[in-house]
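Below, each chain spelled out in residue letters.
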Amino acid sequence: MKRDDLTGIVPLDEVFSSDTEIVGLSSDSRDIKPGMLFFALAGAKADGASFAQDAVLRGALAVVAAKGGINDTVSVPVIEVDDPRRALALTAAKFYQVQPKTMVAVTGTSGKTSVAAFIRQIWEQGGFAAASIGTTGVVAPGRNDYGSLTTPDPVALHKILAELAQAGVTHASLEASSHGLDQHRLDGVQLAAAAFTNLGRDHMDYHPTMESYHAAKLRLFRDLLPKGAPAIIFADDPWTQATMDAAKEAGLEVLSVGRKGSFLKLNRVEHERGKQRAEIMHGGDIYEIDLPLAGDFQISNALVAAGLAIATKTPAAKAIAALEKLKGAPGRLDLVGTTTDGAPVYVDYAHKPDALENVLAAVRPFTTGRVMVVFGCGGDRDRGKRPIMGEIAARLADVVIVSDDNPRTEVPAEIRSAILKAAPDAIEIGDRRKAIYEAVRMLRAGDTLIVAGKGHEEGQTIGVKTFPFSDHEEVRNALKEVAQ
Ligand SMILES: CC(=O)N[C@H]1[C@@H](OP(=O)(O)OP(=O)(O)OC[C@H]2O[C@@H](n3ccc(=O)[nH]c3=O)[C@H](O)[C@@H]2O)O[C@H](CO)[C@@H](O)[C@@H]1O[C@H](C)C(=O)N[C@@H](C)C(=O)N[C@H](CCC(=O)O)C(=O)O
Ligand SMILES: Nc1ncnc2c1ncn2[C@@H]1O[C@H](COP(=O)(O)OP(=O)(O)OP(=O)(O)O)[C@@H](O)[C@H]1O
Ligand SMILES: N[C@H](CCC[C@H](N)C(=O)O)C(=O)O
Ligand SMILES: [Mg+2]
């Protein structure tokens, strides 16, 4: 791409002639090839500025950095900007040029992946070529890539958006994580609408307080949505009011959904094992639907998705009717099988306190026997949530098995012991395969088992190595073995 097609954000015209060809951008010196621009970002672990020399040696045309950020002398121009992360995101948007026409983003502690998958399905049912991008990867017509970050870094993200647009995708939903918002990964994405699901304890290793965690989420409404755009806000969360106030102050059109919602109001819901019947009110009309998913929280997610669809011009009756055909995102209260006595086993991605609380509460109404749970907590992540999750499991489940979930570089037994402090009656089985097998073996008619924490994940990270591991596969194998 020529200099002039890319200028405007970073003042490239001050250092390059107009015929300079720029072949790419990166904030990782290891990815730099001749003809690329290197953006030096101050990170959590390292300072990108210290890799400027490395980037130059690999052929960077220039280094974009914060004012006074580069102390070493480098042999290429150093371009100083106020905010290198934002500059990278906006430049990436220009570099990759095209994005799907209608894009929405969803933030919140829980429900992002589910809402992103639901709105994609509502659009698909409306006949649009639609995509979703988030924790479970990129899902689009003819494409299903496994992803590693919930919100990809801006260069990867804009490359994906351009590929999707070029493949004819017109509608896309994105998950906006608090890290992603804080690090400006989504700046430069042209959003038509955005949504907020809820706020609970998460990532307290990154955000110093709940208020700063909330403020990171609010960037979506304060800084990224254009004025007048719709903000769909789940109405029944303790953080609803503060979020609505911020969205109103930012000049957005606030549309609330939920039991206390006014745009989509949930009048009534009846839970059954695999589905729930809901009465929803919109614009004076009443709709009765069967949502083919278990769990009260999935009603909330479905309402947020329907709100986004209506706000982006899907007729309300169509958007609400589409809820009857929704499929859950992989590993979200995902029914993997049942024992010969009919006891169901679900795999769920609850790896934070509120999610665990919700999922255990969700299965209680249709469990006549015991609610059982196998779970652990990730290593090298927020340590404070361990006893909190232990307490929740002990309070809401009848049988608790504490096991390992990506211990990473921590001592697994120490993580388990922090959970067990608040769940003294729990059974401890570190090996997750054995824990799942034991739990399945204990199941009796009327019981429900939740294997929580890993959801769609396909590995167990011990130390710095990731070993293939799938809760789905382990549950299926255990069910087979126990049935024999
Ligand atoms: C803590 C965190 O969020 N880190 C993210 C951040 O990295 P960072 O900027 O802090 O990087 P750093 O390692 O300190 O290095 C600083 C800079 O030096 C550069 N560098 C480094 C080494 C080198 O040889 N050369 C070089 O140029 C790095 O590329 C970087 O630009 O920016 C990177 C690029 O976007 C991300 O890949 C990286 O995600 C790491 C891998 C990560 O684990 N992130 C998780 C916590 C995360 O983002 N999770 C959220 C939420 C999950 C959820 O709840 O759903 C997500 O959106 O996935
Ligand atoms: N609206 C909700 N309210 C509370 N808990 C929920 C809600 N939706 C989902 N959950 C719980 O959180 C888990 C993760 O759901 P989902 O993947 O949709 O959320 P997420 O926000 O994308 O999470 P992550 O940040 O971990 O990717 C589910 O498996 C379920 O246990
Ligand atoms: N995006 C989250 C996922 C956590 C999933 C859980 N299985 C764990 O490893 O803690 C994180 O990396 O913190
Ligand atoms: Mg997610």
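Predicted, not measured: the structure shown is a model, and the values here were computed from it.

1. Some remarks on the UniProt feature "modified residue: N6-carboxylysine" (unreviewed entry) in the protein
Stage number 1. The feature "modified residue: N6-carboxylysine" (unreviewed entry), as annotated in UniProt, sits at Lys217 in this numbering.
Stage number 2. Relative to the elements of secondary structure, Lys217 occurs in helix α7 (residues 210-224).
Stage number 3. On the neighbour-count criterion, Lys217 (24 C-beta atoms within 10 Å) is buried.
Stage number 4. Leave out the neighbours within four places in its chain, and Lys217 touches Thr107, Ser178, Leu181, Phe196 and Leu199.

2. Side note on the pairing of strand β16 (residues 334-338)
Stage number 1. Pairing analysis gives four bridges linking β16 to strand β17 (residues 344-348), with the strands arranged antiparallel. Bridge pairing in β17 places Thr338 opposite Pro344.
Stage number 2. Between β16 and β17, which follow one another and run antiparallel, lie five residues, and Gly342 among them has a positive phi close to 90°.

3. Details of the nonpolar core
Where a protein is soluble and globular, its nonpolar side chains tend to be buried together.
Stage number 1. Counting 157 residues, the largest nonpolar core has Val64, Ala306 and Val373 as its most contacted members.
Stage number 2. Apart from residues no more than four positions distant in its own chain, Val64 is found in contact with Val10, Leu37, Phe39, Ala40, Ile79, Val81, Pro84 and Ala87.

4. Some points on helix α13 (residues 412-420)
Stage number 1. Turning to α13, its buried residues are Ile415, Arg416, Ile419 and Leu420. Seen end-on, α13 carries its buried residues on one side only, within an arc spanning 135°.
Stage number 2. Where α13 is buried, its residues meet α12 (385-396), β19 (399-402) and β20 (427-428).

5. Let's talk about the site of ligand 3
Stage number 1. Around ligand 3 sit His351, Gly378, Arg381, Asp405, Asn406, Gly453, Lys454 and Glu457, and that is every residue in its neighbourhood.
Stage number 2. Its residues assigned to classes, the shell around ligand 3 comprises no nonpolar, four polar and four charged.

6. As for the packing of helix α14 (residues 432-442) against helix α15 (residues 471-483)
Stage number 1. At a closest axis distance of 9 Å, the pairing of α14 and α15 adopts a crossing angle of 45°. By the angle between their axes, α14 is oblique relative to α15. Where α14 crosses over α15, the handedness of that crossing is right-handed. Touching Arg433, Ile436, Tyr437, Val440 and Arg441 of α14 are Asp471, Glu474, Val475, Ala478, Leu479 and Val482, all from α15.

7. So, unusual backbone geometry
Most peptide bonds adopt trans geometry, and most residues besides glycine take a negative phi value.
Stage number 1. Of note, the phi angle at Lys313 is positive, near 85°, even though the residue is not glycine.
Stage number 2. Positive phi, close to 50°, is recorded for Arg408, a residue that is not glycine.
Stage number 3. Positionally, Arg408 belongs in the loop between β19 and α13.

8. Here's the deal with the confidence of the model for the protein
Stage number 1. Within the protein, residue pLDDT values average 95, and 100% of them lie at 70 or more.
Stage number 2. Interface predicted TM-score (ipTM) for the complex: 0.96; the corresponding pTM is 0.94.

9. Comments concerning the sheet that holds β20
Stage number 1. Overall, mixed pairing links the six strands, which are arranged β16-β17-β21-β18-β19-β20 in an open sheet. Either end of the sheet is taken by a strand with one partner, and the two such strands are β16 and β20.
Stage number 2. Taken together, the four bridges between β17 and strand β21 (residues 448-452) define a ladder with parallel strand orientation. Among the inter-strand pairings, Val347 is bridged to a residue of β21, identified as Val451.

10. Observations concerning the sheet that holds strand β1 (residues 24-26)
Stage number 1. Taken together, four strands build an open sheet; the order of strands is β1-β2-β3-β4 and the sheet is parallel. This sheet does not close on itself; its edge strands, each paired only once, are β1 and β4 (78-81). The sheet shows a mean angle of 25° between the axes of neighbouring strands, taken without regard to direction.
Stage number 2. By the bridge criterion, three bridges tie β1 to strand β2 (residues 36-39) in an arrangement that is parallel.

11. Side note on the packing of helix α3 (residues 84-96) against helix α5 (residues 154-166)
Stage number 1. Where α3 meets α5, the axes come as close as 9 Å, and the angle between the chain directions of the two elements is 25°. As judged from the angle between their axes, α3 and α5 are roughly parallel. Handedness of the α3/α5 crossing: right-handed. Here α3 contributes Leu88, Ala89, Ala92, Ala93, Phe95 and Tyr96 to the contact with α5, which in turn contributes Pro154, Val155, His158, Lys159, Leu161 and Ala162.
Stage number 2. Residue composition of the contact of α3 with α5, by class: 10 nonpolar, one polar and one charged.

Reading guide: rules and limits
- Residues numbered from 1 in each chain as written.
- Chains lettered and ligands numbered in written order.
- Predicted model: local features only at pLDDT ≥ 70, side-chain atom pairs only at ≥ 80, totals over all residues.
- UniProt positions renumbered as here; feature names shortened; annotations may be inferred.
- Helix = DSSP H or I, 4+ residues; strand = E, 2+ residues; numbered from the N terminus.
- Buried ≥ 20, exposed ≤ 12 C-beta atoms within 10 Å, placed from the backbone.
- Contact = placed C-beta atoms within 7 Å.
- Pairing = 2+ DSSP bridges.
- Core = buried A, V, L, I, M, F, W, Y, C linked by C-beta atoms within 7 Å.
- Arc of directions from axis to C-beta.
- Near = placed C-beta within 6 Å.
- Nonpolar A, V, L, I, M, F, W, Y, C, P; charged D, E, K, R; others polar.
- Axes fitted to C-alpha atoms, helices over the stretch in contact; angles between N-to-C directions.
- Parallel < 35°, antiparallel > 145°, perpendicular 65-115°, else oblique.
- Left-handed = near helix turned anticlockwise from the far one by under 90°.
- pLDDT = per-residue confidence, 0-100.

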